[in-house]
Amino acid sequence: MDVIAEGDPGFKRTKGLMNRTSTLSQVLREAKEKEELCTTNEVTMETDKKTHYGLLFDEFQGLSHLEALEMLSRESEIKVKSILNSLSGEELETLKCELEQLKEAFSLAEFCEEEEEEKKGDEDFTKEITEVFSQLFYMRLVMAKKCHSFLGTPGEVREKGYFNI
């Protein structure tokens, strides 16, 4: 059996390594904690990216694509207007009908329905507010009549001295 002596070559280096490192269980525990932190950070970053459309818009250069679509739309509109100006009579009427059909086909019905629902909601709100104000006005009239019957006319109130006005 060999005994390690302090004078053996490499002993100081081995001793230094052993003093610096922790036990295996501590190393594994630290590695597990680091991995858990990394995974939780990744999960939160992924959810933040998914829920934040502004970030996606910026990440995929949405503004430049939007500007390109606007330019394309303007150019197409100019072309259609120039064609409409060059036509007359029946050709113009048939083309207008076709363009109207295309417009209806490509219109977003969802947005139209939402606008109608908003208008309906606004009308309902206006109706409810009007009812509440009419009830308040009615209650004010009732209170005024009760006060008038209890106290009398304004002249009588002054004479009796209920209020020093």
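Per an unreviewed UniProt entry, the protein chain goes by Family with sequence similarity 114 member A2 and derives from Monodon monoceros. Turning to the protein chain, the UniProt record has this under Sequence similarities (unreviewed entry): "Belongs to the FAM114 family."

(A) Structural context of the overall build of the protein chain. Counting its secondary structure elements, the protein chain contains seven helices and zero strands. Starting at the N terminus, the α and β elements of the protein chain follow one another as α-α-α-α-α-α-α. Total accessible area computed for the protein chain in this model is approximately 15900 Å², and 60% of it derives from carbon and sulfur atoms.

(B) Examining a nonpolar patch on the surface more closely. Taken together, the side chains of Phe125, Ile129, Val132, Phe133, Leu136, Tyr138 and Met139 present a nonpolar region at the surface, about 750 Å² in accessible area. Structurally, Val132 can be placed in helix H6 (residues 109-151).

(C) A negative patch on the surface, seen in detail. Residues Glu115, Glu116, Glu117, Glu118, Asp122, Glu123, Asp124, Glu128 and Glu131 make up a contiguous surface patch of negative charge. Looking at where Glu115 falls in the secondary structure, it is placed in helix H6. What makes Glu115 partly exposed here is its relative accessible area of 48%.

(D) Structural detail: unusual backbone geometry. Positive phi is not limited to glycine here, since Gln61 has a value of about 50 degrees. For Gln61, the position within the fold is in the loop between helix H3 (53-59) and helix H4 (62-86).

Rules of the game
Residues numbered from 1 in each chain as written. Predicted model: local features only at pLDDT ≥ 70, side-chain atom pairs only at ≥ 80, totals over all residues. Heavy atoms only, no water. UniProt positions renumbered as here; feature names shortened; annotations may be inferred. Helix = DSSP H or I, 4+ residues; strand = E, 2+ residues; numbered from the N terminus. Areas by Shrake-Rupley, 256 points an atom, 1.4 Å probe, with all protein chains shown as cover. Patch = residues over 30% accessible without salt bridge, like charges linked within 9 Å, V, L, I, M, F, W, Y side chains within 5 Å. Salt bridge = Lys/Arg side-chain N within 4 Å of Asp/Glu carboxyl O. Lys, Arg positive; Asp, Glu negative; His and termini not counted. Charge placed at Lys NZ, Arg CZ, Asp CG, Glu CD. Buried < 20%, exposed > 50% of the residue type's maximum accessible area, 1.4 Å probe, protein only.

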